[in-house]
Amino acid sequence: MLSIAACSDSPATPDVQFFASNLHFVVGGHRITVPAVALRGPGHIFDLNRGRPEKSLQETLKLEASDQDHPVAMDKLDLVIRQYQYTGESLASLYICPRLNRMWSQVQCRGKQRGLLKRLPEKFDLLDSGKLDLLRNHWTVGRESKFDQVKDKSVELGTTEIGCDRQSPYCTAVVAVLPGLLAVWTVWGDEKSGITAEQMALTQGGAIVQFVRRSLGPTEDPTLVDAD
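Below you will find a few notes about this structure. Just so it is clear, the model here is predicted, and its values are computed rather than measured. (Residues numbered from 1 in each chain as written. Predicted model: local features only at pLDDT ≥ 70, side-chain atom pairs only at ≥ 80, totals over all residues. Heavy atoms only, no water.)

## Looking at the sheet that holds strand E3 (residues 72-74)
To be explicit about the condition: Pairing between strands is defined by DSSP: at least two bridges between them are needed. Only DSSP runs of H or I reaching four residues or more are called helices, and only runs of E reaching two or more are called strands; each is numbered from the N terminus. Throughout, an axis means a line fitted to C-alpha atoms (over the contacting stretch in the case of helices), and angles, computed between N-to-C directions, take values from 0 to 180 degrees.
Read from one edge of the open sheet, 3 strands run E2-E1-E3, paired in mixed fashion. Every other strand in the sheet has two partners, leaving strand E2 (30-35) and E3 as the edge strands with one partner each. Across the sheet, the mean angle from the axis of one strand to that of its neighbour is 40°, orientation sign disregarded. With 3 bridges connecting them, strand E1 (residues 22-27) and E3 associate as parallel partners. By the bridge assignment, Phe-25 is partnered in E3 with Val-72.

## Brief notes about the pairing of strand E6 (residues 160-164)
With 5 bridges connecting them, E6 and strand E7 (residues 170-178) associate as antiparallel partners. Residue pairing in the sheet places Gly-163 in a bridge with Thr-172 of E7.

## Topic: the nonpolar core
Note the cut-off: Here, the term nonpolar core denotes a set of buried Ala, Val, Leu, Ile, Met, Phe, Trp, Tyr and Cys residues that are joined through side-chain atoms within 4.5 Å. With a 1.4 Å probe rolled over the protein chains alone, any residue whose accessible area is under 20% of its type maximum counts as buried; one over 50% counts as exposed, and the rest are partly exposed. In this description, contact between two residues means that some pair of their heavy atoms is separated by no more than 4.5 Å.
If you look at the biggest cluster of nonpolar residues, it comprises 54 residues, and the most contacted ones within it are Phe-25, Tyr-84, Phe-124, Phe-211 and Val-212. Element by element, the count of residues in this core is highest for helix H6 (residues 197-215), at 8 residues. If near-sequence neighbours (up to four positions away) are discounted, Phe-25 is found in contact with His-30, Arg-31, Ile-32, Val-34, Leu-39, Leu-61, Ala-65, Pro-71, Val-72, Met-74 and Leu-77.

## Here's the deal with the side chain of Asp-78
Going by this rule: The definition of a polar contact used here is a pair of N or O atoms within 3.5 Å, where within protein one atom must be able to donate a hydrogen and the other to accept one, and adjacent residues in sequence count solely through side-chain atom pairs.
Structurally, Asp-78 can be placed in strand E4 (residues 76-80). Looking at Asp-78, its side chain comes within polar contact range of the side chain of Lys-76, at 2.6 Å.

## Focus on the state of the cysteines
In protein structure, a disulfide is the covalent linkage between the sulfur atoms of two cysteines. Just so we agree on the cut-off: Any cysteine sulfur atom paired with another within 2.5 Å is treated as part of a disulfide.
If you walk through the whole model with that rule in mind, you get 2 disulfides. Sulfur-sulfur distance for the disulfide between Cys-97 and Cys-109 comes to 2.0 Å. Of note, the bridge from Cys-97 to Cys-109 carries an S-S torsion of about -80° and is left-handed in sense. On the criterion of sequence distance, the pair formed by Cys-97 in the loop between E4 and helix H3 (103-109) and Cys-109 in helix H3 is long-range, its members being 12 residues apart. One exposure class covers both Cys-97 and Cys-109, and it is buried. Two residues, Cys-164 and Cys-171, share a disulfide whose sulfurs are 2.1 Å apart. The sign of the 95° torsion about the S-S bond sets the Cys-164-Cys-171 disulfide as right-handed. Residue classification places Cys-164 among the partly exposed positions, given a relative accessible area of 37%. The connectivity of the disulfide-linked cysteines in the chain, indexed sequentially, is 1-2, 3-4.

## With respect to the sheet that holds strand E5 (residues 123-128)
In a beta sheet, neighbouring strands pair by backbone hydrogen bonds and run either parallel or antiparallel. Spatial ordering of the open sheet is given by E4-E5-E8-E7-E6, a layout of 5 strands whose pairing is antiparallel. The sheet is open, and its two edges are formed by E4 and E6, each paired on a single side. Ignoring strand direction, the axes of neighbouring strands in this sheet form an average angle of 25°. Docked against the sheet, H6 engages E5, E6, E7 and strand E8 (181-188), running at close to 145° with respect to E8.

## Considerations on the packing of aromatic side chains
Stated formally: What counts as a ring pair is set by centres within 6.5 Å for rings of Phe, Tyr and Trp (its six-membered ring), and what kind of pair is set by the plane angle: stacked under 30 degrees, edge-to-face over 60, tilted for all other angles.
In total, this model carries 4 aromatic pairs according to the counting rule given. With centroids separated by 6.4 Å and ring planes inclined at 85°, the aromatic side chains of Phe-124 and Phe-211 adopt a geometry described as edge-to-face. In this pair, Phe-124 sits in strand E5 while Phe-211 sits in helix H6, placing the two residues 87 residues apart along the sequence. Residues Phe-124 and Phe-211 agree in their burial class; the two are buried. Taking the centre distance of 5.8 Å and the plane angle of 50° together, the rings of Tyr-170 and Trp-188 count as tilted. Of this pair, Tyr-170 sits in strand E7 while Trp-188 sits in strand E8; the two residues are 18 residues apart in sequence, bridging distant segments of the chain. With a relative accessible area of 35%, Trp-188 lands in the partly exposed category. What links up through ring pairs into an aromatic cluster is the set Trp-104, Phe-124 and Phe-211.

Written as structure tokens, this is what we have:
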């Protein structure tokens, strides 16, 4: 498990160049390329405002995942898709945006996303479909197992399915993005807007499929930023 965490209470200039750089992985047999700042979760913790990261963590990513010709095999990647200019509390994070080299990440970084990109959930995980057991230790808001909610879903390619909490409006959504590659994320019903958890899942699932296929592979389809 790879992670980046601060190990000092003293402020330091964040490694903007690193956070904006592309990292290369293979998940479920598919190449995934994302900027370092887009990794999240207990396995990928980024803090732009505090002290120097533990060398063994950040340097591992620099050394092992920065070469596009030798991507790192992973069972699961936890992603965050948001305005990266606000990552952490340091003003230096503003300088991430111009250093990003894919159109989707530049647009997202500045909060200029629209259409398909605007329909993406802020957080979702990419998971090798043969490693579904990794979800056994992941819990919903209602303290139910995400694994139990999706384990029996007969997910067809491009089809989104959900399993829901019994005592909360939250559900776990899953979609097969590519053969062997799943996306898993949280959805919920919104009484004010009248949107159900299933409707949210279908909208976001379709956006995730197109986003991963067209923007996170070895090359980017730059027309995605204008896609409806």
